[in-house]
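# Fold and contact review
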Amino acid sequence: AHDLAWRAAAPPTLLGHIPHDSRRPMSMLPTLQSRTKAFVGHIPPSVDDEFLFKLVEACGQVVSWKRVTDPISGLAKQFGYCEYAHEEGVLRALRVLNGFPVEGGNLLVKVDRKTNEYLKEYMAARRREVAIGDAPPPAAAGAAGAAATATVDEQQQAVNIAKFEQAEKDVDARARLHLYMMIERWLRDGHAGRRRYRNDRGEVTYLPDPEDLVGQVQRMPIDDVYRRITELAEAQTHRDSMVAAQRSHTEQSAAAKEREREREKQRERELNDVRKQMLLADERARQAGRGGV
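Residues numbered from 1 in each chain as written. Predicted model: local features only at pLDDT ≥ 70, side-chain atom pairs only at ≥ 80, totals over all residues. Heavy atoms only, no water.

## What about the packing of aromatic side chains?
Considering all chains together, one arrives at six aromatic pairs under this definition. The ring of phenylalanine 39 carries the charged tip of lysine 110 above its face, separated from the ring centre by 5.3 Å. (Phe/Tyr/Trp six-rings, centres within 6.5 Å; stacked < 30°, edge-to-face > 60°. Lys NZ or Arg CZ within 6 Å of the ring centre and 35° of its normal.)

## Section: the nonpolar core
Soluble, globular proteins show a tendency: their nonpolar side chains are buried together. Residues Leu55, Tyr84, Leu97, Leu177 and Leu179 are the most contacted members of the largest nonpolar core, which totals 42 residues. Element by element, the count of residues in this core is highest for helix H5 (residues 154-188), at nine residues. When residues no more than four places from it in sequence are discounted, the contact partners of tyrosine 84 are Thr36, Val56, Cys59, Gly60, Gln61, Val62, Val63, Gly89, Val90 and Ala93. (Core = buried A, V, L, I, M, F, W, Y, C linked by side-chain atoms within 4.5 Å. Buried < 20%, exposed > 50% of the residue type's maximum accessible area, 1.4 Å probe, protein only. Helix = DSSP H or I, 4+ residues; strand = E, 2+ residues; numbered from the N terminus. Contact = heavy atoms within 4.5 Å.)

## Details of the pattern of salt bridges
In the structure shown here, the tally under the stated rule is 20 salt bridges. Between arginine 35 and aspartate 112 there is a salt bridge; the shortest N-O distance is 3.3 Å. Taken together, the residues span a long stretch of sequence, with arginine 35 in the segment before strand E1 (37-41) and aspartate 112 in the loop between strand E6 (108-110) and helix H3 (113-132) at a distance of 77 residues. When its relative accessible area of 30% is taken as the criterion, arginine 35 is described as partly exposed. With its nearest N and O atoms 3.6 Å apart, the salt bridge here joins aspartate 49 to arginine 67. Residue aspartate 49 is located in helix H1 (residues 49-57), and its partner arginine 67 is located in strand E2 (residues 62-69); the two are separated by 18 residues in the primary sequence. For arginine 67, a relative accessible area of 7% corresponds to the buried category. Via salt bridges that share partners, Arg92, Arg95, Glu168 and Asp172 belong to a single interconnected network. (Salt bridge = Lys/Arg side-chain N within 4 Å of Asp/Glu carboxyl O.)

Dropping the structure here:
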């Protein structure tokens, strides 16, 4: 009765860790048109499109990604638009990717008002679906189905929802770990995203990293996932603070050099003023000498 393949093309990154099954009773879903497009902003200039696509894809299957470019210079701007194949993708992006630290900054993920309203209705429907578990939806059960939710006692509904929320939290954690691991590899490989080596002719080329990140995340026990997230988050915070300190030192050095240049210019102006005064004094003395004669 519930066999509606709404996840025909599930997100490729964490397939197998979907927090709920593929059943989706239509009577419980929002009647609005599906809305899964998100704005992605605060993209650091050093992050190229290829790597950024990997980051947004870690949250779910991507239908389209477009980074806005400057029409005059052709350079990529610091924002773009991502459309996910399913609601879970954009919801996970809002929970995981929004605020995620990259290159000393934090990504911004948001949706417009209509999409936000749709997603709220969608999640309310998901929670109702989860609460009744295997109970038939009202539309499928006729008159008796009107009390489908009531057939599952409140305690069991609470248990079902708690399991669902924990499963969602665990999948979010795996997605977050995937992001941290991609960032670590990206930084390790000099922003290339792939391991570099020199061939027999001394040419630099690339090979795929032999370790599959998605596989690593999938195989890792959930307790290890949370522990590893904490470790990588602390390492990234330390790295960002070092970068910020270095940037601050560089800015302070540049400011000090600028102040020294200004002082040098001021000294030069003062010397020029002294020279002018001396020249004027000499000129007056000559004129006074000619007048006396």
